Amino acid sequence: MPHAVAGDGAVIHYRVRGRSGGEPLLCIQGLGTDSRGWIAQRALGRRYRLILVDNRGTGRSSKPSGPYRLETMAADTVAVLDHLGESSVHVMGASMGGIIAQVLAVTHPDRVRSLVLACTACRHQPWRRELLESWIGVAETHGMRAFATRNLRWLVGPRSLRRFAPAFGVLTPIAMSAPTHAFVAQVQAILAIDDSLRNELGKLTMPALVLVGSQDILTPQADAEEIADHLPGADLMVIQGGSHGFLLESALVFNRLEGEFLDGVVRDAVDPVLSR
């Protein structure tokens, strides 16, 4: 598995999948989750070349002691792009990965051709900060398997939870590959992000799509609306019935919307006159 070396020496592993000559799409996963979290989006590889990154602390990437910083994790993705020789890419981020994607776009706008932000936010809410702090306590006291089992309701919609609870109970601890210390370090990185990030979004000019599930209780629709309000020209789409985990639960809908958006961006870049 190929890897890049970050500025502090951390090894960042990644996978490249999909169409070899396709437009590059950098995929950044969320809290505690490695690149396997994009399993339901592999269909996008029929048209695009997917760059699937294991964030530091997950998968085969280095898992240094924390705390981490999301700015550092964004710089990790730049190291991957440099290693691949990619000057710019389309970027798709989910949950914590959506915040990393925003930081990447703000700090390296020349590297981002377009931006897709799914089930994410651009600033803290007091209740969510308290929730994340409680997650640290659960993980440190009871371990990651207990954390994943106890907190499924924040990630999975009630209908899916009723139907597939046993499967989620088995799969979630596997997908969340971060050991406790790295998971805690990632949570600390989220808690440390400056709320001024949302003000920086107004400087961005790349095409953007913001996606949210109507039943997402961790990053509700109001969070997506706030991002879209601050991100010039961003399109906002609500996936009806989708929870925070709509990338899996509503994968067909998500992939269609993501694909249509990217196809439009690529078409506009090739011939902006005909695309109007």
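Here is what the cut-offs are and how they apply
Residues numbered from 1 in each chain as written. Predicted model: local features only at pLDDT ≥ 70, side-chain atom pairs only at ≥ 80, totals over all residues. Heavy atoms only, no water. Pairing = 2+ DSSP bridges. Helix = DSSP H or I, 4+ residues; strand = E, 2+ residues; numbered from the N terminus. Axes fitted to C-alpha atoms, helices over the stretch in contact; angles between N-to-C directions. Contact = heavy atoms within 4.5 Å. Buried < 20%, exposed > 50% of the residue type's maximum accessible area, 1.4 Å probe, protein only. Right-handed = clockwise from strand over helix to strand, strands pointing away.

As a further point, take the sheet that holds strand β1 (residues 3-5). Pairing within the open sheet is mixed, and its eight strands lie in the order β1-β2-β4-β3-β5-β6-β7-β8. Across the chains shown, the open sheet's two edge strands, defined by having one partner strand only, are β1 and β8 (235-239). On average, each strand axis in the sheet is inclined to that of its neighbour by 20°, with strand direction left out of account. Where strand β6 (residues 112-118) meets strand β7 (residues 208-213), four bridges bridge the pair, whose relative direction is parallel. The residue of β7 that forms the bridge with L117 is V210. On the sheet, helix α2 (residues 96-107) packs against β3 (23-28), β5 (89-94) and β6 and is oriented at approximately 145° with respect to β5. Packed on one face of the sheet, helix α11 (residues 251-270) meets β3, β4 (48-53), β5, β6, β7 and β8 and runs near 160° to β6.

All right, on to the pairing of β7 then. Among the six residues of β7, six are classified as buried, and the element is accordingly described as predominantly covered. Here β7 shows no split at all, with A208, V210 and V212 on one side and L209, L211 and G213 on the other all buried. As judged from the five bridges shared by β7 and β8, these two strands associate in the parallel manner. Looking across to β8, one finds that L209 is bridged to D235. In the classification by handedness, the crossover that spans β7, the intervening helix α9 (residues 221-230) and the parallel β8 is right-handed.

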